[in-house]
Amino acid sequence: MSNLAIHLLYRLINSHPYFSCERFFLSQDEIVPLSIESLKPLNEFDVIGISISYELDYFNVIKILESSHIPVFAKDRDLSYPLIIGGGACMNYNPEPIADIFDLILIGEAEDTIKEILDRYIDMKDAVRSKDDLLFSFLDIEGVYIPEFYKDGKPLVDMAPRKVKRRVFRDFDRETACSYIYSPDAVFGDMFLIEIERGCPMKCKFCVAGNIYSPCRIKSLDTVKDTILKYGGKYKKIGLMGPLVGGIPYIEELLKWLIGLNFQVSVSSLRVSTLNMKFLELLKLAGESTITIAPEFLDEKLRAEIGKKESNEKILEVLETLLKFGFRDVKFYMIFGYGDYEIELRSLEIFKKYLTQLLKDYKANVVFNFQPLVPKPFTPLQNYNIPDRRVLQSQKRRIMDTLKHDRIKVRVASIREALIEAALSRGGRDMLPLILKGDKRGIFSVTSAGIPWSFIEI
Ligand code: SF4
């Protein structure tokens, strides 16, 4: 429930005159999943929407369909089965590894598309004789991809567009993604999350937010305030979501307003170049205790190469300011598995000397979170060859050794999962048999030919 897309879709679908929306979560046991709202099984619904943010959830998509006794392949389902629609972050840039499961895939943003799909469904469901006729009727909706009508990225039927244009929601103030459903037991359930920015103007070379969710859009201050007043009253804490929250022109005014209403505030990861004294002071006043900054690399050349131009001096200056203000929970997001890593390890070592002095002076600790670079389609690094597991393991060990210190905690994300994610994010339809078998090891060894996502226009 920390995925704001679910909240947004739930509200949009429930506001449709002919639909009501219920939620399903995959249970760990083998029982048939039932909806939260009415305890009905999934196969009794007319339409199923599956939002996928992360490639490793492909395995869960199969599980939930199988445990609901729904044929996994779209071609095996006729009109008597629910129409299955896919969407979410991974579907935006390359749905191919699991395309054969879905009847429709929504490429892009759902705010307007979901209503158009549901309207069309209502108009056509009883008027058509076959599922193909129903699917044909969706072809003119921008952002809709119907996998059955494509092979190897090329349309098989005349009406299917050669390129599927990613749908962009430009009227960004008209709908706001926020914690519409109160779910105190969920991750971040104690916080009212609100999306105040989408897309990022910085376009760092590895980043999906910067390269795919274009253009960068910022919610107006009035919309943010109205939404918080309308839906956020039950909460003590407001989570401001966006890729570059520190750079939003009205951020200080918004923080002052929230402080005035006695809200605590939390923000997503911050970019060093957008941080200033006033902003940090207000964040501290608003009760924020955790600050996450994402230098990605400590070798300045490597950092500049991927699109971040801040110097290490500036990072240390910001860190010292944070420590002065009393922030004691500071996290760094880092990448490994890219570029000349020997140079990066030397830079880590040099940085550590300055860092540990600061930590000693302020009796503070920091956490470094490392993640192997996972190249994504439509980013400038989409063709980057990620090093093999052995190399990544060795880099991981050396990172741990280099940063070893009482005041530094190092966490490294799973290398195995990163390699699976990398393979799936650039994979084609040949991945599906392996996903169906749950053969994660086999997925490493498949390199799909060509550029499977070439039919998408971002
Ligand atoms: S600044 Fe952050 S969100 Fe923006 S493109 Fe770079 S990594 Fe992505």
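Novice: Just to check I follow, could you spell out the overall build of the protein chain for this structure?
Specialist: From N to C terminus, the protein chain includes 16 helices and 17 strands. The C-alpha atoms of the protein chain give 23 Å as radius of gyration, which agrees with the globular expectation for 458 residues (23 Å, within 12%). For the protein chain, the spread of C-alpha atoms along the three principal axes comes to 75 × 50 × 40 Å. Expressed as a percentage of the 458 residues in the protein chain, the buried residues total 53%. Across the protein chain, the fraction of contacts at a sequence separation of at least 24, relative to all contacts at a separation of at least 6, is 71%. Carbon and sulfur atoms make up 50% of the accessible area of the protein chain, which amounts to about 20900 Å² in all.

Novice: Just to check I follow, could you spell out the sheet that holds strand 12 (residues 264–267) for this structure?
Specialist: Taken together, the three strands give an open sheet; going across it, the order is 8-11-12, and neighbouring strands pair in parallel fashion. If you trace the sheet from one side to the other, it starts and ends with strand 8 (191–195) and strand 12, each paired once. Averaged over neighbouring strand pairs, the angle between their axes works out to 25° when direction is ignored. Direction of pairing for strand 11 (residues 237–241) relative to strand 12: parallel, over a ladder of four bridges. The residue bridging Ile238 from the neighbouring strand is Val265, located in strand 12. The sheet strands contacting helix 7 (residues 221–231) are strand 8 and strand 11, and the helix crosses strand 8 at an angle near 150°.

Novice: Please explain the sheet that holds strand 15 (residues 365–372) as it appears in this structure.
Specialist: For sheets, the rule is that strands pair by backbone hydrogen bonds, running either parallel or antiparallel. Ordered in space as 13-14-15-16, the four strands form an open sheet in which the pairing is parallel. Two strands lie at the open edges of the sheet, namely strand 13 (290–296) and strand 16 (408–412), each paired on one side alone. Direction aside, the axes of adjacent strands within the sheet are offset by 20° on average. Where strand 14 (residues 329–336) lies against strand 15, eight bridges are found, and the strand directions are parallel.

Novice: Would you mind showing me how to read unusual backbone geometry here?
Specialist: Generally, phi is negative for residues other than glycine and the peptide bonds are trans, each holding for most cases. For the peptide bond that leads from Ser214 to Pro215, omega is -10°, which places it in the cis range. Summarising the element assignment, Pro215 is placed in the loop between helix 6 (208–211) and strand 10 (217–218). Backbone geometry places Lys203, a non-glycine residue, at a positive phi of 55°. Looking at the secondary structure, you find Lys203 in the loop between strand 9 (197–198) and helix 6. Among the residues examined, Lys203 registers a relative accessible area of 42% and is labelled partly exposed. Backbone geometry at Phe378 places phi at a positive 70°, although glycine is not the residue there. With respect to the helices and strands, the residue Phe378 is situated in the loop between strand 15 and helix 13 (389–402).

Novice: Would you mind showing me how to read the domain arrangement of the protein chain here?
Specialist: It is common to give the size of an interface as the accessible area that goes away when the parts come together. Domains assigned within the protein chain are domain 1 (4–165), domain 2 (170–284) and domain 3 (289–413). Here the C-alpha centre of domain 3 lies 24 Å away from the C-alpha centre of domain 2. Every contact between the two is made by 18 residues of domain 2 and, on the other side, 28 residues of domain 3. Buried area between domain 2 and domain 3, both sides added, is near 2100 Å², and the carbon and sulfur share of it is 71%. The largest share of the area that domain 2 buries against domain 3 comes from Lys205, Phe206 and Val272, three residues that together contribute 36% of it.

Novice: Quick question: what am I supposed to make of the nonpolar core here?
Specialist: The biggest cluster of nonpolar side chains holds 73 residues, and the ones touching the most others in it are Phe102, Phe138 and Ile435. The dominant element in this core, judged by the number of residues it contributes, is helix 2 (residues 58–67), at six residues. Three or more residues apiece are contributed to this core by two domains, here domain 1 (4–165) and domain 2 (170–284). The residues contacting Ile435, other than those within four sequence positions of it, are Tyr58, Phe59, Ile62, Pro97, Ile98, Leu424 and Ile443.

Novice: Would you mind showing me how to read helix 4 (residues 110–124) here?
Specialist: Helical periodicity: at 3.6 residues per turn, an α-helix aligns residues three or four positions apart in one direction. Across its 15 residues, helix 4 extends 20 Å between first and last C-alpha, which sits within 8% of the 21 Å expected from 1.5 Å per residue. Listed as buried for helix 4 are Ala110, Glu111, Thr113, Ile114, Ile117, Leu118 and Tyr121.

Novice: Looking at this structure, I do not really get helix 13. What am I missing?
Specialist: Here helix 13 contains 14 residues, and its C-alpha end-to-end distance of 20 Å stays within 8% of the 20 Å for a straight helix at 1.5 Å per residue. Three or more residues of helix 13 are buried, namely Leu392, Gln395, Ile399 and Thr402. Projected down its long axis, helix 13 shows its buried positions confined to an angular sector of 90°, all on one face. Turned more than 90 degrees away from the buried face of helix 13 sit Arg390, Arg397 and Asp401, all of them exposed. Where helix 13 begins, one side-chain oxygen reaches toward the backbone nitrogen of Arg390, 3.2 Å away; that side chain belongs to Asp388.

Each value, and the rule that gives it
Residues numbered from 1 in each chain as written. Predicted model: local features only at pLDDT ≥ 70, side-chain atom pairs only at ≥ 80, totals over all residues. Heavy atoms only, no water. Helix = DSSP H or I, 4+ residues; strand = E, 2+ residues; numbered from the N terminus. Rg over C-alpha atoms; globule rule 2.2 N^0.38 Å. Buried < 20%, exposed > 50% of the residue type's maximum accessible area, 1.4 Å probe, protein only. Contact = heavy atoms within 4.5 Å. Areas by Shrake-Rupley, 256 points an atom, 1.4 Å probe, with all protein chains shown as cover. Pairing = 2+ DSSP bridges. Axes fitted to C-alpha atoms, helices over the stretch in contact; angles between N-to-C directions. Domains from an automatic or database assignment. Buried area = accessible area lost by both parts, 1.4 Å probe. Core = buried A, V, L, I, M, F, W, Y, C linked by side-chain atoms within 4.5 Å. Expected span 1.5 Å × (residues − 1). Arc of directions from axis to C-beta. Polar contact = N/O pair within 3.5 Å; in protein donor to acceptor, adjacent residues only side chain to side chain.

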